[in-house]
Amino acid sequence: MTFERHRDIAESVAFAERCEECWKSGSAFPWAVTEKFSEKLTGVLELRLSPPKADFGYILGEPFWGHGFASEAASVVVAWAIAQPAIFRVWATCHPSNAASAAVLRKAGLSYEATLANWESRPQLGESAGPSDCYALTKPTH
Ligand SMILES: CC(C)(COP(=O)(O)OP(=O)(O)OC[C@H]1O[C@@H](n2cnc3c(N)ncnc32)[C@H](O)[C@@H]1OP(=O)(O)O)[C@@H](O)C(=O)NCCC(=O)NCCS
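Residues numbered from 1 in each chain as written. Predicted model: local features only at pLDDT ≥ 70, side-chain atom pairs only at ≥ 80, totals over all residues.

Participant: Help me understand the overall build of the chain, please; the structure alone is not making it clear to me.
Facilitator: What the chain contains, in helices and strands, is three helices and six strands. The secondary structure elements of the chain, listed N-terminal to C-terminal, are α-β-β-β-α-β-α-β-β. Relative to the 2.2 N^0.38 estimate, which gives 14 Å for 142 residues, the radius of gyration of the chain is 15 Å and therefore close to what a compact globule would have. Counting only C-alpha atoms and orienting by the principal axes, one finds that the chain spans roughly 50 × 35 × 30 Å. In the chain, which comprises 142 residues, the proportion classed as buried is 20%. Long-range pairs, those at least 24 residues apart, make up 47% of the contacts in the chain between residues at least 6 apart in sequence. (Helix = DSSP H or I, 4+ residues; strand = E, 2+ residues; numbered from the N terminus. Rg over C-alpha atoms; globule rule 2.2 N^0.38 Å. Buried ≥ 20, exposed ≤ 12 C-beta atoms within 10 Å, placed from the backbone. Contact = placed C-beta atoms within 7 Å.)

The following block contains the structure:
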């Protein structure tokens, strides 16, 4: 999930408004990932349905890394998505060196498929067209 760091509150408000709009139009389904007991916001996970496939991305605030939150959130959303009758493929990408993200995808049931060349622009890493590893979960069509 490409996600630029917000520089001021206006950018965060615009992001929240975009999330509301996505839910209304059905173009994407962004969730706030919160800590169960404190309800503290830890990050965001977004699912996009495009039958016969669906893709998703996620990002967590650094203080919340390493607690299993991303794996828990991704697993629930992937299980829901692949159970939809019109969805036969759930996929996501991550940077080839992002071992934590690859672990999240594997734990959610996806398998490594391929490394996609020139897939994503990551200005923060100095990559104008960097590679991504593609992971997917598929189900039979009959
Ligand atoms: C990637 C990210 C979402 C992982 O979130 P998280 O909540 O820390 O992930 P989890 O706690 O569920 O950990 C997932 C697995 O990764 C493993 N892991 C964590 N850091 C790791 C590392 N540096 N190297 C290898 N494995 C690592 C954990 O051990 C865990 O596996 P385990 O449960 O078998 O021990 C989070 O680090 C993040 O938001 N990073 C910045 C943005 C980003 O990379 N987003 C994803 C873009 S594709």
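Having put the structure on the table, let's press on.
Participant: Quick question: what am I supposed to make of the nonpolar core here?
Facilitator: One finds Ala73, Ala74, Val77, Val78 and Leu110 to be the most contacted residues of the largest nonpolar core, which totals 23 residues. Elements represented by at least two residues in this core include exactly strand E2 (41-50), strand E3 (53-60), helix H2 (69-82), strand E4 (89-94), helix H3 (99-107) and strand E6 (127-138). Val77 has contacts with Leu45, Leu47 and Phe56, leaving out every residue within four places of it along the chain. (Core = buried A, V, L, I, M, F, W, Y, C linked by C-beta atoms within 7 Å.)

Participant: What exactly am I supposed to notice about H2 here?
Facilitator: Over its 14 residues, H2 extends 20 Å from the first C-alpha to the last, a length consistent with the 20 Å expected when each residue adds 1.5 Å. Taken residue by residue, H2 has Phe69, Ala70, Ala73, Ala74, Val77, Val78 and Ala81 as its buried positions. All buried residues of H2 fall inside an arc of 140° around its axis, so they share one side. Close packing links the buried residues of H2 with strand E1 (29-34), E2, E3, E4, H3 and E6. (Expected span 1.5 Å × (residues − 1). Arc of directions from axis to C-beta.)

Participant: What exactly am I supposed to notice about the site of the ligand here?
Facilitator: Taken together, 19 residues lie near the ligand, and Ala70, Ser71, Ala99, Ala100 and Ala103 sit nearest. Put simply, the parts of the chain that give the shell around the ligand at least two residues each are E3, H2 and H3. The greatest single-element share of the shell around the ligand, amounting to five residues, is contributed by H3. Here the residues of the shell around the ligand sort into 12 nonpolar, seven polar and no charged. (Near = placed C-beta within 6 Å. Nonpolar A, V, L, I, M, F, W, Y, C, P; charged D, E, K, R; others polar.)

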